[in-house]
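# A closer look at the structure
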Amino acid sequence: MIQLSHVYYAYEIGTPYLLRDLNLTIHNGDYISIVGENGSGKSTFVKLLLGLLKPSEGSLVNDFKRTSYVSQRFETLNQQFPITVREVMNTYCKVLHIKDRSLVDHYLELMKMGEYSDSLIGNLSGGQCQKVFIARALLGHPDLLILDEPSTGIDVKSQAELYPFLKKLNEEHGLTIVTVEHNLRAAMRNSKFLYHVANGSGHLCSPEEYIREYVKENTGSESYV
Ligand SMILES: Nc1ncnc2c1ncn2[C@@H]1O[C@H](COP(=O)(O)OP(=O)(O)OP(=O)(O)O)[C@@H](O)[C@H]1O
């Protein structure tokens, strides 16, 4: 569980708070999509969850034992670097001191990427690549998986492959998932709750509430595609 109580955050002391009075409980088994406009503070919020930033005020208690983070695909991928999927996974095993290399195959199979283990990562499609990065994140046996815009730069077909896997990890494997989402359709389908960051505040709502209170109010329509 993560419990935020009256969390405020400013990057610099003396400047206005970017995030104000955030109160949220992330329970084990939740799947929460963080939504909001560009620059609203979603990534900053994630950095708070990851413990990379400390609240300027308030408290954030994180009871999860192991958190894995999957950043945006283009932040981590050098298409030119000649490294295979297995090598990417093995490198992470080394970093995490994981001796049991059978886990590499286990998680690649789980993400239906076993047959690509000897492929160069730069030759994979966007969705395949994200699945490898998720498999890599799973190597650390996380109980919380945080993703930053997993569908960035990924075509619709690849997205259609990726999101059911995330849902499966959440529903069948009990993994708690928090994801920054610009893909509202995916957020609506996968998560029970959205955390809407706007004007410095955060608001937990159901997808239905979000459409009623935000999408319709701002666009005049209930369509979010
Ligand atoms: N390290 C930093 N130092 C100072 N200001 C920062 C820093 N990182 C982000 N900001 C500012 O904080 C605000 C929120 O940024 P943040 O990246 O959290 O928003 P976001 O909702 O994730 O945006 P996007 O959807 O575009 O990724 C922006 O005005 C940004 O310029």
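Residues numbered from 1 in each chain as written. Predicted model: local features only at pLDDT ≥ 70, side-chain atom pairs only at ≥ 80, totals over all residues.

As recorded in an unreviewed UniProt entry, the chain goes by the name Metal ABC transporter ATP-binding protein, listed as coming from Megasphaera hominis.

### So, the overall build of the chain
The line we're drawing: In this description a helix means any DSSP run of H or I spanning at least four residues, a strand means any run of E spanning at least two, and both kinds are numbered starting from the N terminus. Each radius of gyration reported is based on C-alpha atoms, and the globular scaling rule is 2.2 Å times the count of residues to the power 0.38. Exposure classification rests on a simple neighbour count of other C-beta atoms within 10 Å of a residue's own: a residue reaching 20 or more is buried, one at 12 or fewer is exposed, and one in between is partly exposed. C-beta atoms are placed from the backbone.
The number of helices and strands found in the chain is eight helices and nine strands. Over its C-alpha trace the chain gives a radius of gyration of 18 Å, about what one expects of a compact globule, namely 17 Å for 225 residues. Burial statistics for the chain: of 225 residues in total, 36% are counted as buried.

### Some remarks on helix H6 (residues 156–171)
Rules: Take the number of residues in a helix, subtract one, and multiply by 1.5 Å to get its expected span. By definition, the arc is the one covered by directions from the helix axis to the C-beta atoms.
With 16 residues, H6 should reach 22 Å at 1.5 Å per residue; the first-to-last C-alpha distance of 23 Å fits that figure. Turning to H6, its buried residues are Leu162, Tyr163, Leu166 and Leu169. Seen from one end, H6 has its buried residues packed into an arc of 120°, which puts them on one side. Exposed side of H6, more than 90 degrees from the buried face: Lys157, Ala160, Pro164 and Glu171 are the residues found there.

### Here we look at the site of the ligand
Threshold: All residues are tested the same way: a C-beta atom is placed from the backbone, and lying within 6 Å of a molecule or strand makes the residue near it. The classification used treats Ala, Val, Leu, Ile, Met, Phe, Trp, Tyr, Cys and Pro as nonpolar, Asp, Glu, Lys and Arg as charged, and all other residues, Gly among them, as polar.
As a structural note, the neighbourhood of the ligand is formed by Tyr11, Leu18, Gly36, Asn38, Gly39, Ser40, Gly41, Lys42, Ser43 and Thr44. For the shell around the ligand, a count of residues per class yields two nonpolar, seven polar and one charged.

### With respect to the environment of Asp63
Structurally, Asp63 is set in the loop between strand E4 (57–62) and strand E5 (67–70). Judged by C-beta crowding, with 11 C-beta atoms within 10 Å, Asp63 ranks as exposed. Separated by 13 residues in sequence, Asp63 and Leu50 have C-alpha atoms that sit 12 Å apart.

### Let's talk about helix H5 (residues 126–138)
With 13 residues, H5 extends 18 Å from end C-alpha to end C-alpha; this agrees with the ideal 18 Å at 1.5 Å per step. Burial within H5 is extensive, with 13 of its 13 residues counted as buried.

### So, the packing of helix H3 (residues 85–95) against H5
What counts here: Angles shown run from 0 to 180 degrees and are taken between the N-to-C directions of axes, each axis being a line fitted to C-alpha atoms and, for helices, limited to the stretch in contact. Angles below 35 degrees are treated as roughly parallel, those above 145 as roughly antiparallel, those between 65 and 115 as roughly perpendicular, and all remaining angles as oblique. Handedness of a crossing follows from how the near helix is turned relative to the far one, being left-handed for an anticlockwise turn of less than a right angle and right-handed for a clockwise one. The contact rule is simple: place each C-beta atom from the backbone, and if two of them lie within 7 Å, those residues are in contact.
Remark: H3 packs on H5, axes separated minimally by 9 Å, with the N-to-C direction vectors making an angle of 25°. Here H5 runs roughly parallel to H3, going by the angle between their axes. Along this stretch, H3 crosses H5, giving a crossing that reads as right-handed. Each of Val85, Val88, Met89 and Tyr92 in H3 lies in contact with H5, whose residues at this interface are Val132, Ala135 and Arg136. For the contact of H3 with H5, the per-class residue count stands at six nonpolar, no polar and one charged.

### Quick notes on unusual backbone geometry
Phi is positive for His97, close to 55°, though the residue is something other than glycine. With respect to the helices and strands, His97 occurs in the loop between H3 and helix H4 (102–110). For Glu149, which is not a glycine, the phi torsion comes out positive at approximately 45°.

### Description of the sheet that holds strand E3 (residues 31–35)
The cut-off we apply is this: Only strands that DSSP links by at least two bridges are regarded as paired with each other.
Judged by pairing direction, the sheet is mixed, and its six strands sit side by side in the order E5-E6-E7-E3-E8-E9 without closing on themselves. Because the sheet does not close on itself, it has two edges, and the strands there are E5 and strand E9 (201–205). Taken pair by pair, the neighbouring strands of this sheet meet at an average axis angle of 20°, ignoring direction. As defined by bridge partners, strand E6 (residues 144–148) adjoins strand E7 (residues 176–180) across five bridges and the pair is classed as parallel. Residue pairing in the sheet places Leu145 in a bridge with Ile177 of E7. In the packing of H5 onto the sheet, the strands contacted are E5 and E6, and the crossing angle to E5 comes to about 165°.

### Some words on the confidence of the model for the chain
Using the following cut-off: pLDDT measures the predictor's confidence residue by residue and takes values from 0 up to 100.
Residues with a pLDDT of 70 or more make up 92% of the chain, whose mean pLDDT is 90. Per-element averaging of pLDDT across the chain places helix H2 (residues 73–76) at the bottom with 57 and strand E1 (residues 2–9) at the top with 98.

### Some thoughts on the pairing of E9
Alignment of strand E8 (residues 193–198) against E9, held across five bridges, turns out to be antiparallel. What sits directly across from Val197, in E9, is Gly202. Linking two consecutive strands that pair antiparallel, namely E8 and E9, is a turn of two residues; a positive phi of about 50° is found at Asn199 within it.

### Thoughts on the sheet that holds E4
Pairing is antiparallel across the open sheet formed by three strands, whose spatial order is E2-E1-E4. Two strands lie at the open edges of the sheet, namely strand E2 (19–26) and E4, each paired on one side alone. Between one strand axis and the next, the sheet turns by 15° as a mean value, whatever way the strands run. Pairing geometry for E1 and E4, over five bridges, is antiparallel.

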